[in-house]
Amino acid sequence: MLANPKNCEMVVLAHDGLGRLKLDGRCELELREVAEKKEEESGKEEEDGGGGGGNEDTQKDEPEPKISTVVTGYTKHPRLRTLPPQWVRPRTVRMCYNDT
């Protein structure tokens with residue numbers, strides 16, 4: 001029994017040359033996290049009170065960089081992810097109320 005797919009995991013089918021498809025494996029996305037810096041507008045300048053008695057606690061905190069995920073490609077695996085046999089529970093499916 002197949003396990004639940006991960007994010008954007010695909011089952012790959014290939015032609016066998018006789019007009020039929022065969023199971024060829026699975027592909028999984030390769031992801032990489034990238035930190036993006038938020039650029040401040042160059043036209044804005046911090047206003048200083050000219051008296052020199054400014055409070056140092058009111059300094060602007062630097063914004064935290066945003067982390068985004070970038071797709072770098074695919075990784076192909078020849079085998080599918082399956083559940084361990086001890087986790088598989090057989091079920092009886094009936095199409096009609098009097099099926100036994």
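All values derive from a computational prediction rather than experimental measurement. (Residues numbered from 1 in each chain as written. Predicted model: local features only at pLDDT ≥ 70, side-chain atom pairs only at ≥ 80, totals over all residues. Heavy atoms only, no water.)

Draft legend 1. Spatial organisation of the environment of Leu 29. By the element assignment, Leu 29 lies in strand β2 (residues 21–36). Take Leu 29: its relative accessible area is 17%, and that puts it in the buried class. Placed 43 residues apart in sequence, Leu 29 and Thr 72 show a C-alpha to C-alpha distance of 7.8 Å. The residues contacting Leu 29, other than those within four sequence positions of it, are Asn 7, Cys 8, Val 71, Gly 73 and Tyr 74. (Helix = DSSP H or I, 4+ residues; strand = E, 2+ residues; numbered from the N terminus. Buried < 20%, exposed > 50% of the residue type's maximum accessible area, 1.4 Å probe, protein only. Contact = heavy atoms within 4.5 Å.)

Draft legend 2. Examining the pattern of salt bridges more closely. Within the structure shown, the criterion is met by four salt bridges. Notably, a salt bridge pairs Glu 9 with Arg 81, separated by 3.3 Å at the nearest N-O pair. Taken as a pair, Glu 9 in the segment before β1 (10–15) and Arg 81 in the segment after β3 (66–77) lie far apart in primary sequence, 72 residues in all. Owing to a relative accessible area of 24%, Arg 81 belongs among the partly exposed residues under this scheme. A cluster of three or more residues bridged by salt bridges with shared partners is formed by Glu 9, Arg 26, Glu 28 and Arg 81. (Salt bridge = Lys/Arg side-chain N within 4 Å of Asp/Glu carboxyl O.)

Draft legend 3. Main features of the sheet that holds β3. The strand order β1-β2-β3 describes an open sheet built from three strands, whose pairing is antiparallel. Each edge of the sheet is formed by a strand with only one pairing partner; in this case those strands are β1 and β3. Going from strand to strand, the sheet's axes swing by 35° on average, the running direction of each strand aside. When β2 meets β3, the two strands line up antiparallel, connected through 11 bridges. Paired with Arg 26 across the bridge in β3 is His 77. (Pairing = 2+ DSSP bridges. Axes fitted to C-alpha atoms, helices over the stretch in contact; angles between N-to-C directions.)

Draft legend 4. Region of interest: the side chain of Arg 26. Mapped onto the elements, Arg 26 comes out in strand β2. At 2.9 Å, the side chain of Arg 26 and the side chain of Glu 28 are in polar contact. For Arg 26, the side chain forms a polar contact with the main-chain oxygen of Arg 79, separated by 3.1 Å. With sequence-adjacent residues up to four places away left out, Arg 26 is seen in contact with Glu 9, Met 10, Val 11, Val 12, Thr 75, Lys 76, His 77, Arg 79, Leu 80 and Arg 81. (Polar contact = N/O pair within 3.5 Å; in protein donor to acceptor, adjacent residues only side chain to side chain.)

Draft legend 5. Inspection of the environment of Thr 69 at higher detail. In this fold, Thr 69 is placed in strand β3. On a C-alpha basis, the gap between Thr 69 and Glu 33 in space is 4.4 Å, while along the polypeptide they are 36 residues apart. If near-sequence neighbours (up to four positions away) are discounted, Thr 69 is found in contact with Leu 31, Arg 32 and Glu 33.

Draft legend 6. Here's a closer look at a nonpolar patch on the surface. Taken together, the side chains of Leu 2, Val 11, Leu 13, Leu 21 and Leu 23 present a nonpolar region at the surface, about 490 Å² in accessible area. Mapped onto the nonpolar patch, the elements with two or more residues apiece are β1 and β2. As for its placement among the helices and strands, Leu 23 is situated in strand β2. A relative accessible area of 51% means that Leu 23 is categorised as exposed. (Patch = residues over 30% accessible without salt bridge, like charges linked within 9 Å, V, L, I, M, F, W, Y side chains within 5 Å. Areas by Shrake-Rupley, 256 points an atom, 1.4 Å probe, with all protein chains shown as cover.)

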